[in-house]
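If you want the building blocks of each chain, they are given just below.
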Amino acid sequence: MTDLTTAALAPRIDLAVTATEGVREMYSARPLVARAVERAVDAEGSLAAVEEVDGARSITVCIGVSAQDDTVAVASAVAAAVRGTDDTAAGATVRVRVGRLVAPAT
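Report on the accompanying structure.

Here is what the cut-offs are and how they apply
Here the residue numbering is sequential within each chain, running from 1 through the sequence in written order. Residue-level local features of this predicted model are given only where pLDDT is at least 70; pairs of side-chain atoms are given and counted only at 80 or more, and the full residue set underlies all totals for whole chains, interfaces and linings. For the side-chain quantities, the full set of heavy atoms in the structure was used; hydrogens and water were omitted. The secondary structure listing takes helices from DSSP runs of H or I that are at least 4 residues long and strands from runs of E that are at least 2 residues long, numbered from the N terminus. Pairs of N or O atoms are called polar contacts if they sit within 3.5 Å, as long as, within protein, a hydrogen donor faces a hydrogen acceptor (for residues adjacent in sequence, only side-chain-to-side-chain pairs). The contact definition used throughout considers only heavy atoms, calling two residues in contact when any of these lie within 4.5 Å. For two strands to count as paired, DSSP must find a minimum of two bridges between them. A pairing counts as a salt bridge when a side-chain nitrogen of Lys or Arg comes within 4 Å of a carboxyl oxygen of Asp or Glu. Here's how the labels work: a residue is buried when its accessible area is under 20% of the maximum for its type, exposed when over 50%, partly exposed in between, all with a 1.4 Å probe on protein chains only. To qualify as a nonpolar core, a set must consist of buried Ala, Val, Leu, Ile, Met, Phe, Trp, Tyr and Cys residues joined through side-chain atoms within 4.5 Å.

### Thoughts on the side chain of Asp 14
At step 1: Assignment of secondary structure puts Asp 14 in helix α1 (residues 6–18).
At step 2: For Asp 14, the side chain forms a polar contact with the main-chain nitrogen of Leu 47, separated by 2.8 Å.
At step 3: Once residues lying within four places of it in the same chain are set aside, the contact partners of Asp 14 are Met 26, Ser 46, Leu 47 and Ala 48.

### Describing the pairing of strand β2 (residues 49–53)
Regular strands place side chains that alternate from one sheet face to the opposite one.
At step 1: Here β2 pairs with strand β3 (residues 56–66) via five bridges, running antiparallel. Bridging from a neighbouring strand, Val 53 pairs with Ala 56 of β3.
At step 2: Count of turn residues in the β2/β3 antiparallel hairpin: two residues, of which Asp 54 carries a positive phi of about 55 degrees.

### Focus on the pattern of salt bridges
At step 1: For the structure shown, the criterion picks out two salt bridges.
At step 2: Between Arg 24 and Asp 69 there is a salt bridge, and its shortest N-O distance comes to 3.0 Å. One end of the pair, Arg 24, is in strand β1 (residues 23–27); the other, Asp 69, is in the loop between β3 and α3 (71–83), and 45 residues separate them in sequence.
At step 3: Between Arg 57 and Glu 52 there is a salt bridge, with its nearest N and O atoms 3.2 Å apart.
At step 4: Judged by its relative accessible area of 8%, Arg 57 falls in the buried class.
At step 5: Of the residues examined, Glu 52 reaches a relative accessible area of 42% and is grouped as partly exposed.

### Structural notes on the nonpolar core
At step 1: Judged by nonpolar contacts, the single largest core of 19 residues is most densely connected at Ile 13, Val 17 and Val 78.
At step 2: The set of elements that each furnish at least two residues to this core consists of α1, β1, β3 and α3.
At step 3: Excluding anything up to four places from it in sequence, Val 78 contacts Val 17, Thr 20, Val 23, Val 61, Ile 63 and Val 96.

### Considering the environment of Val 23
At step 1: Positionally, Val 23 belongs in strand β1.
At step 2: Among residues more than four places away in sequence, those in contact with Val 23 are Val 17, Ile 63, Gly 64, Val 74 and Val 78.

Remember that the coordinates give geometry; whether it matters functionally is a separate question.
This is the structure in structure tokens:
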């Protein structure tokens with residue numbers, strides 16, 4: 001079992017989420033303060049929020065899906081993809097928020 005830090009795991013989660021079929025957009029789930037600090041120092045951060053408290057991981061991602069996609073199926077696929085990013089993510093609490101529905105391209 002690997003033991004990735006939350007900082008190392010977050011970019012993997014971003015890639016897994018954006019590669020999931022049905023995900024049209026991914027939005028930041030991280031606190032506004034963390035994003036503001038990264039902007040101030042001109043650093044690029046990940047979009048997934050990964051926290052570890054007392055050895056338990058909590059992962060939150062925000063996605064956008066098309067109105068034609070089954071939101072529940074896409075969210076379930078995203079949660080499975082997140083858990084598959086690392087052995088230590090398998091027991092994590094995963095929250096998938098559908099931030100908005102994105103209109104299909106015409």
